[in-house]
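Here are the chains, one letter per residue:
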Amino acid sequence: MRLSGYGRIDRGVPIRFTFEGREIAAHPGDTVASALLAADIRLVARSFKYHRPRGIFGAGSEEPSALVTIGSGARQTPNVRATVQEVFQGLEVRAQNAWPSLAVDALEVNYLLSPFLSAGFYYKTFMWPPKFWEKLYEPAIRRAAGLGALSGAPDGAEYEKAFAHCDLLVIGSGPAGLMAALTAARAGADVILTEEDREIGGRCLSELEEIGGQPGADWAAQAGHELEALGARIMTRTAVTGAYDQGTYGAYERVGDYLADGSGRPEGCFWRIVATRAVLAAGALERPIAFPGNDRPGVMSAAAVRSYLHRWGVSPGKRITVLANNDDAHRTARDLAAAGISIAGVVDTRDAAPASADWPVYSEGAVLGTSGRRGLKDITIRHAGGTRTIWSDCLAVSGGWNPSVHLTCHMNDRPVWNDEIAAFVPTEGAVPGLDPAGASRGLFSTAGCLADGARAGAAALEALGRRVHDTPIPEADSAAYRIEPVWRMPGKGRAWLDLQNDVTVKDVELAARENFRSVEHMKRYTTQGMAPDQGKSSNMLALAVLADATGRTIPETGTTTFRPPYTPIPLSALSAGARSKGFAPERFTTSHAASLARDAPMIEAGLWYRPSYFPVKGERTWREACDREVNMVRNTVGIADVSTLGKIDIQGPDAATFLDFVYTNMFSTLKPGRTRYGLMLREDGHVMDDGTTARLSDTHYLMTTTTAAAGQVMEHLDFVHQCLVPEMRVRFISATEAWAQFAIAGPKAPDVLAQILNDPFVPAEWPFMACGPVRAGGVDGRLFRISFSGEHAYELAVPSRYGAALFDRLLEIAAPLGGGPYGMEALNVLRIEKGFITHSEITGRVTAFDIGMERMISAKKDCIGKTAAARPGLRDPDRERLVGLRPVRPDAPLLAGAHLFSEGASATGENDQGYLTSVCYSPTLETHLGLGFLRAGPARIGERVRMVDHLRGAEVMCEVAPPVFFDPEGGRVRG
């Protein structure tokens, strides 16, 4: 079925691939669909529900029928559109959803049962008897569900993710897109042009049409060369799949899935493109017409037939008929006839159809039915002169064009109806910064698209504040688009809408009769538009049928909700980099190597690896090392790497106001050079996180968070700024990895600083909670007088590249003073002794009232969670509240997670009084200690309770105490 002198494929290079085990000849530039049509293969798939024969309908991502499986083993990929997959040497293609073979499918018997399998039958059928659901219905449905199958083996394919920024993003490279990109690029704007096809040009590649006195495809190629010379980035094989807030667009680029060996490339790459402005030039999609038997292989889109002719040099049939309700489809007959293909006739639904002397034109025409088991053989039509049967193996159908409005609806906008073109068009400003142009806006002449693309490019330049230059618009066809909408035709037999899901006109009418009159309800009741093409070819027909069935107009009926992605995206691409260690990366501090060199076992904390303890010779257990390190900090000096704490740099004129809003306490009153402890609530009034925030200057703060909650807090700040207070002039960025930070804790901490800092260190000049710039070993750093140990302590921060050297130097200075490193175990003991909380206590169900910090919720201002935290139930004195716990016998160990019961009560669920969150042995106080939550806890200090752990078989009598066990006055930390 190849045609000489036509197509843009490289016929000098042969390619062989297999379909259903049969070797198929192809050439570079072919898709699986074009190669199969060239081999005169029309049956390529089976439908989902009835296993009806399915052929190729379209020529791009709108394809509803021709879904195949490519590859084998772990690389097996199902539900690939044959119209999109490019061929390569050795490609293996198989049909799916058929057994035992594509040609003879036993489940085609489902069609004989179709009277019993109408829309919604599963909702009605599989309810009775109730016991059958788990044992019969559900297992059978699960076995039958789905189309293609995965191999079950881990997929070794690699995917990437990437980011890009530009002044103008142009989506689509047809005449409108190219003109928008040229207009902007010529004015010096940074332009990205995306095209989901393998080459730019859009419909220029599929039409016999001139632009600027040369073939449209040549003009498009010339425009592409100019754009590249101007510095524009052209991204082919890249489909923009979603529009999101603040000018962000998701795009999937096919990188290696069209190459035999991938050439070391990933399969694909998911892009996040941030654009100041964007132009949507995605064109329009041709829609079919519903008539009996319109699902047979050989019934195709008229525009697709032209694409196969001009792009791939393939005739989809030997004798072709055209069915149309608009002028545009008549060019299909003209182009085919010029290529020497027999035209059986043009069936035009209008009474004043354009006439032609070369083939019959049937005015007031309608297709009443088709025949052919595995492919179209003939059609029966009715026209102004009567009825007749036409032998034809391909029927090119054009029911008009639908602008590609999908991206304009991704922020919950709905398109509006345009009577002139009988289609929905996007509303102005549907997506901020996105300007539809050309066919996406309902302009269907080439000249109109060129002019509108130039307009959109100029509008983008004006919004960017750039000078707009006059852009000459090349001459092109300006023929008007004329259509008389026809959605369905009469006749006996089923008229199909969604070719993949086997949804028919009768199904939609049944949904309306059963009161599923909302378009969204109809969609779910019938599964209309839920196939991989997302109803690109069928939704408009279904809306028209629903409107007719409910006595409404199409605008009154409305549209379904278009959601990302516009085209399917492999889940592996969305999670690129998140496999193995990419899923849970190992994060190492700058002191990691030095800690390993000291034989410190590592523990994971928020993906960071931190030393548990630092054993020395003669120590046999971790407890011995931990006790030594705790005593070292209490009596001399200890060094700990605290770089893993989240660090968020916050700057801007409204930074203080912003922090007042996200924290419970005031930060606008904090003076520069000082640090304050802060508590952060969720919107529901529960504690999210705590930490210190330092004010480095009037408009510059540095927030610290707990290690595990750093990402959560950053997301929270983003949400607050974007959604709640977008007017605030503040910006923030994570600086966690930028700074290495070390705690220097203990009575001799000033002695260490005196040797490490370049300038003389005077402790009196650094009162508790002070902060400021310092120089350590000739490196600019920051010093904070804060403590998580309850001792006189500091935290010294330097740029990360100096972290390893600073850690070594600090240990070198500390050693003669009787100090050294301490790990997480000692850190935990020190903080429990002082009653400091971590996420062991603030678990997500705890309030400020529960941890005794309700007075930190300022009465002078509002903050997130303040109102919710004031609800009576969250301030009930009988709630489980933070207390300290000491065993009556000091040597009796406490267990985290154990529950608390009153002294004389049985240890049952109804008597549960609370639970332990953190426990340790305190070498300072020579007893075991614990923090936990106890009902009415502060009122029960001095009372005895039983700790019971049924799982570990432990029971210990405890005394309820204040949560601060050591130095409750804080004299050591402030001394």
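Reading guide: rules and limits
Residues numbered from 1 in each chain as written. Predicted model: local features only at pLDDT ≥ 70, side-chain atom pairs only at ≥ 80, totals over all residues. Heavy atoms only, no water. Helix = DSSP H or I, 4+ residues; strand = E, 2+ residues; numbered from the N terminus. Buried < 20%, exposed > 50% of the residue type's maximum accessible area, 1.4 Å probe, protein only. Areas by Shrake-Rupley, 256 points an atom, 1.4 Å probe, with all protein chains shown as cover. Lys, Arg positive; Asp, Glu negative; His and termini not counted. Charge placed at Lys NZ, Arg CZ, Asp CG, Glu CD. Phe/Tyr/Trp six-rings, centres within 6.5 Å; stacked < 30°, edge-to-face > 60°. Lys NZ or Arg CZ within 6 Å of the ring centre and 35° of its normal. Pairing = 2+ DSSP bridges. Axes fitted to C-alpha atoms, helices over the stretch in contact; angles between N-to-C directions. Contact = heavy atoms within 4.5 Å. Disulfide = S-S within 2.5 Å. Polar contact = N/O pair within 3.5 Å; in protein donor to acceptor, adjacent residues only side chain to side chain. Salt bridge = Lys/Arg side-chain N within 4 Å of Asp/Glu carboxyl O. Core = buried A, V, L, I, M, F, W, Y, C linked by side-chain atoms within 4.5 Å. Expected span 1.5 Å × (residues − 1).

Asks: Where do I start with the overall build of the chain in this structure?
Replies: Per the secondary structure count, the chain includes 22 helices and 50 strands. Dimensions of the chain, computed from the C-alpha atoms along their principal axes, are close to 105 × 75 × 55 Å. Across the 975 residues that make up the chain, the buried fraction comes to 58%. Element-wise, carbon and sulfur atoms account for 52% of the exposed surface of the chain, whose accessible area totals about 40000 Å². One way to put it: in the chain the 103 positive side-chain charges average out to a point 3 Å from where the 112 negative ones average out.

Asks: Help me understand the packing of aromatic side chains in this model?
Replies: Centre-to-centre distance and the angle between the planes together describe a pair of aromatic rings. In this structure the tally under the stated criterion is twelve aromatic pairs. A ring pair is formed by Trp-417 and Phe-424, whose centres lie 5.0 Å apart and whose planes are at 75°; its orientation type is edge-to-face. The burial state of Trp-417 is the same as that of Phe-424; both residues are buried. Where Phe-742 meets Phe-807, the ring centres are 5.6 Å apart and the plane angle is 25°; that geometry is what we call stacked. Highlighted residues: Phe-742 in strand 40 (residues 739–745) and Phe-807 in helix 19 (residues 803–814), separated in sequence by 65 residues. Judged by its relative accessible area of 1%, Phe-807 falls in the buried class. Just above the ring of Trp-496 sits the side chain of Arg-54; from NZ or CZ to the centre is 5.5 Å. Directly above the ring of Phe-849 sits Arg-881, whose terminal nitrogen or CZ lies 3.8 Å from the centroid.

Asks: How do you make sense of the sheet that holds strand 37 (residues 687–697) when you look at a structure like this?
Replies: Strand pairing within a sheet occurs via backbone hydrogen bonds; the two strands may be parallel or antiparallel. The five strands are arranged 36-37-38-35-39 in an open sheet whose pairing can be described as antiparallel. With partners counted over all chains shown, the strands left at the sheet margins are strand 36 (674–681) and strand 39 (731–734), one partner each. Strand-to-strand twist of the sheet, defined as the mean angle between neighbouring strand axes without regard to direction, takes the value 25°. Bridge count for strand 35 (residues 646–651) against strand 39 is four bridges, and the pairing is antiparallel. For Gln-651, the partnering residue across the bridge sits in strand 39 and is Arg-731. Across the sheet, helix 16 (residues 655–662) lies against strand 35, strand 36, strand 37, strand 38 (700–705) and strand 39, angled at about 25° from strand 38, the strand it touches most. Against the sheet, helix 17 (residues 710–724) makes contact with strand 35, strand 36, strand 37, strand 38 and strand 39, and its axis sits at roughly 160° relative to strand 39, the strand it touches most.

Asks: Help me out: how do you make sense of the state of the cysteines in this one?
Replies: Joining two cysteines, a disulfide is a covalent bond between their sulfur atoms. Taken as a whole and judged by the stated rule, the model has zero disulfides. With no disulfide of its own, Cys-723 has Cys-863 as its nearest cysteine by sulfur position, at a separation of 18 Å. Cys-723 gets classed as partly exposed once you look at its relative accessible area, which sits at 48%.

Asks: Any chance you could explain the side chain of Asp-295 here in plain terms?
Replies: Summarising the element assignment, Asp-295 is placed in the loop between strand 16 (284–286) and strand 17 (299–301). Classification of Asp-295 as buried rests on a relative accessible area of 3%. Side-chain polar atoms of Asp-295 contact the side chain of Arg-52, separated by 2.9 Å. The contacts of Asp-295, once residues within four sequence positions are left out, are Arg-52, Pro-53, Arg-54, Trp-496 and Leu-499.

Asks: Just to check I follow, could you spell out the sheet that holds strand 43 (residues 793–799) for this structure?
Replies: Within the open sheet, the six strands sit side by side as 41-42-43-40-34-44. Their pairing is mixed. A strand with exactly one partner marks an edge of an open sheet, and here the two such strands are strand 41 (771–776) and strand 44 (820–821). Pairing geometry for strand 40 and strand 43, over seven bridges, is antiparallel. Bridge assignment links Ala-745 to a residue of strand 43, and that residue is Ala-793.

Asks: Sorry if this is basic, but what is going on with the pattern of salt bridges here?
Replies: Pairing between side chains of opposite charge can happen when their charged atoms approach one another. With the rule as written, the count across this model stands at 56 salt bridges. As a salt-bridge pair, Arg-75 and Glu-267 come within 2.6 Å of each other at their nearest N and O atoms. With Arg-75 in the loop between strand 5 (67–70) and strand 6 (77–81) and Glu-267 in the loop between strand 14 (248–254) and strand 15 (268–280), this residue pair connects regions lying 192 residues apart in the sequence. Note on Glu-267: relative accessible area 18%, which makes it buried.

Asks: Before we go on, may I ask you to explain the nonpolar core in this structure?
Replies: Across soluble globular proteins, you tend to see nonpolar side chains buried next to one another. Core analysis: the largest hydrophobic core is formed by 51 residues, its most contacted members being Phe-17, Phe-19 and Tyr-308. It is helix 1 (residues 32–38) that contributes the most residues to this core, six residues altogether. Those residues in contact with Tyr-308, other than ones at most four positions away along the chain, are Ala-33, Ser-34, Leu-37, Ile-56, Gly-58, Ala-59, Thr-83, Met-300, Gly-313, Val-314 and Pro-316. The next biggest cluster of nonpolar side chains, apart from the first, holds 40 residues, and it includes Met-179, Ala-181, Cys-204 and Ala-223.

Asks: Explain the pairing of strand 42 (residues 779–784) here, please?
Replies: Among the six residues of strand 42, five are classified as buried, and the element is accordingly described as predominantly covered. The pairing of strand 41 with strand 42 spans six bridges and is antiparallel. Bridge pairing in strand 42 places Pro-773 opposite Arg-782. Here strand 41 hands over to strand 42 after two residues, with Gly-777 in that stretch at a positive phi of 60°.

Asks: Which parts of the structure should I look at to understand helix 4 (residues 175–186)?
Replies: Two residues of an α-helix separated by three or four positions point the same way, owing to the 3.6 residues in each turn. With twelve residues, helix 4 ought to run about 16 Å at 1.5 Å a step, and its terminal C-alpha atoms sit 16 Å apart, in line with that. For helix 4, the buried fraction is high: eleven of the twelve residues fall into the buried class. Where helix 4 is concerned, the buried positions are Pro-175, Ala-176, Gly-177, Leu-178, Met-179, Ala-180, Ala-181, Leu-182, Thr-183, Ala-184 and Ala-185. Buried residues belonging to helix 4 abut strand 8 (159–171), strand 9 (191–194), strand 10 (210–211), helix 5 (216–229), strand 15 and helix 8 (446–464). Positive backbone phi, approximately 90°, marks Gly-188, located one or two places after helix 4.

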